[in-house]
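If you want the building blocks of each chain, they are given just below.
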Amino acid sequence: MIYKIFKDIKLSRLGMGNMRLPVKNIEGNPIDYKKAEEIIDYAMNSGINYYDTAYVYHNGTSESFLGYALSKYPRDSYYIADKFYILADSDYKKVFENQLEKLKTDHIDFYLIHCLTDSTINDLINSGCIKYFAEQKKLGKIKYFGFSTHASLEVTKKFLEQYDWDFVQIQLNYYDWIFGHAKEEYELLYSKNIPIMVMESVRGGRLSSLTNECNNRLLDKKPNKSISSWAFMWLQSLPGVQIALSGMTTIEQIIDNVSTFEQDNSLTKEEEKFLFDVIKEFKKQVVVACTECKYCVEGCPKKINIPEVLKIYNSVKVDGKGNAKKLNELKSAKPWDCITCNRCLNHCPQNIDTPKYMKELSIIYNEITK
């Protein structure tokens, strides 16, 4: 395992996320303690010393599991990261004491304000939670204090001014570097010498398998490396990254990830360019290039808001099938209302086969809601 110095301690470059632990069944999402403990044991024996959890993970049971699984090891052999999420419970004092109890510890090494967004920043600033957690840090109950963000760049900048943060956690991967604002976030934090903890290293698993063509290009380039490993090797190349988190669900996943972090596998500039070319090709292959001209909408007998439906289709293909549930938010007709009249085909300047995507999205929706 490779390590990187943080302040005065040494942290493994790979961190264990505890949001996607193995479960016994989907209903209720109960953690399979036996399988999950095997993963934690493998992580500890492999040199991983950073364990990330949160108040809301696994319906509030992730912390209790982690406290149980780590209790057999010396407390100074690992570091725990936990979080306060204001939308789950605004009583930060009660939450914090409950977390200490569930984790079976008298202190939390890395504590975060969880999931800063444009809509929660004012509540977080006005709630008094920053002052309270800063006091817990002075008391030694928190060692390092930071926050995670899904906010706009401007809101993140504003929140950075509220405290002298020890670290910040952001969503960072090579897809969001090209197609999102991850690059700007990274450069902002790096310019301020703030260590970066990375979440969504493989974008919820989406970067573990691209299209067949893109997968083959990566495998041809590095036959002994998995598709997932490219995301971690790219992160190793960024000097501002302290830890790359991975929510590992199976022993096979953690074995693969640990092998990537056994030594420095940072990508060269040539390899990075190659990876960027691959992900651009991936986006072309999975995303429908709708320009939202809406010529198709006027002629649709069912009045389906086709551009909005295709946006959801794209999010499904890039971010996972769960995004098909966004169809429930549409005020217009749904894709399954399509009668395949093909009028939209005659109006589309991009020659998009809309009926095909309507049918595919309907099937995906039925799969995840039945």
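For clarity, every value in this text was computed on a predicted model and none was experimentally measured.

Q: I'd love a proper account of the layout of surface pockets, names of residues and values included.
A: Sizing a probe to match a water molecule and rolling it over the atoms shows the empty space that remains. What the largest pocket holds in volume is close to 1200 Å³. Lining of the largest pocket is provided by 42 residues; of these, Arg20, Glu200, Arg203, Gly204 and Gly205 occupy positions nearest its centre. For the lining of the largest pocket, the element with the most residues is helix 11 (residues 251-260), which contributes 4 residues. In terms of residue class, the lining of the largest pocket is built from 11 nonpolar, 19 polar and 12 charged.

Q: Lay out the side chain of Asn314 in plain terms, naming residues and giving numbers.
A: With respect to the secondary-structure elements, Asn314 resides in helix 14 (residues 306-319). One polar contact links the side chain of Asn314 to the main-chain amide nitrogen of Val288, over a distance of 2.7 Å. Once you skip the residues sitting within four places of it in the chain, Asn314 turns out to touch Val286, Val287 and Val288.

Q: So, the pattern of salt bridges: which residues are in play, and what are the values?
A: Going through the model one piece at a time under the given rule, you end up with 23 salt bridges. In this structure, Lys34 and Glu38 form a salt bridge, with 3.2 Å as the shortest nitrogen-oxygen distance. Of the two residues, Lys34 and Glu38 both sit in helix 1 (residues 33-45), 4 residues apart, roughly one turn of that helix. Under the relative-accessibility criterion, Lys34 is labelled exposed at 60%. For Glu187, the salt bridge is made with Lys183, and the minimal N-O distance between the two is 2.7 Å. Within this pair, Glu187 and its partner Lys183 are both found in helix 8 (residues 182-191), separated by 4 residues, close to a single helical turn. Relative accessible area serves as the criterion here: at 31%, Lys183 is assigned to the partly exposed category. Through salt bridges with shared partners, one network takes in Lys7, Lys137 and Asp166.

Q: Provide a residue-level description of empty space enclosed by the protein, including the pertinent values.
A: Tallying each qualifying case throughout the model produces 2 cavities of 30 Å³ or more. Its boundaries defined by the atoms lining it, the largest cavity holds a volume of some 110 Å³. Lining the largest cavity are 16 residues; nearest its centre among them are Cys300, Ile304, Ile306, Cys338 and Cys344. Looking at the lining of the largest cavity, the elements with two or more residues in it are helix 15 (343-347) and helix 16 (354-369). Counting residues per element, the lining of the largest cavity draws most heavily on helix 16, at 3 residues. Residue composition of the lining of the largest cavity, by class: 10 nonpolar, 4 polar and 2 charged.

Q: Summarise the side chain of Thr260; cite the residues concerned and give the values.
A: Tracing the backbone shows Thr260 in helix 11. Here Thr260 falls in the buried class, since its relative accessible area comes to 1%. Beyond its immediate sequence surroundings of up to four residues, Thr260 is in contact with Ser229, Phe232, Met233, Gln236 and Asn265.

Q: Run through unusual backbone geometry, naming residues and quoting values.
A: Even without a glycine there, the phi angle at Glu292 is positive, about 60 degrees. Note that Glu292 resides in the loop between helix 12 (269-286) and helix 13 (295-298). The backbone of Asn342 shows a phi angle near 70 degrees, a positive value even though the residue is not glycine. Position of Asn342 relative to the elements: it lies in the loop between helix 14 and helix 15. Using a relative accessible area of 31% as the deciding quantity, one classes Asn342 as partly exposed.

The rules we used
Residues numbered from 1 in each chain as written. Predicted model: local features only at pLDDT ≥ 70, side-chain atom pairs only at ≥ 80, totals over all residues. Heavy atoms only, no water. 1 Å grid on protein atoms, 1.4 Å probe; cavity = no way out; pocket = protein on both sides within 12 Å on 5 of 7 lines; lining within 4 Å. Points joined across faces, edges and corners; volume = space filled by probe spheres on them. Helix = DSSP H or I, 4+ residues; strand = E, 2+ residues; numbered from the N terminus. Nonpolar A, V, L, I, M, F, W, Y, C, P; charged D, E, K, R; others polar. Polar contact = N/O pair within 3.5 Å; in protein donor to acceptor, adjacent residues only side chain to side chain. Contact = heavy atoms within 4.5 Å. Salt bridge = Lys/Arg side-chain N within 4 Å of Asp/Glu carboxyl O. Buried < 20%, exposed > 50% of the residue type's maximum accessible area, 1.4 Å probe, protein only.

By themselves, these figures tell us nothing about what the structure is for.
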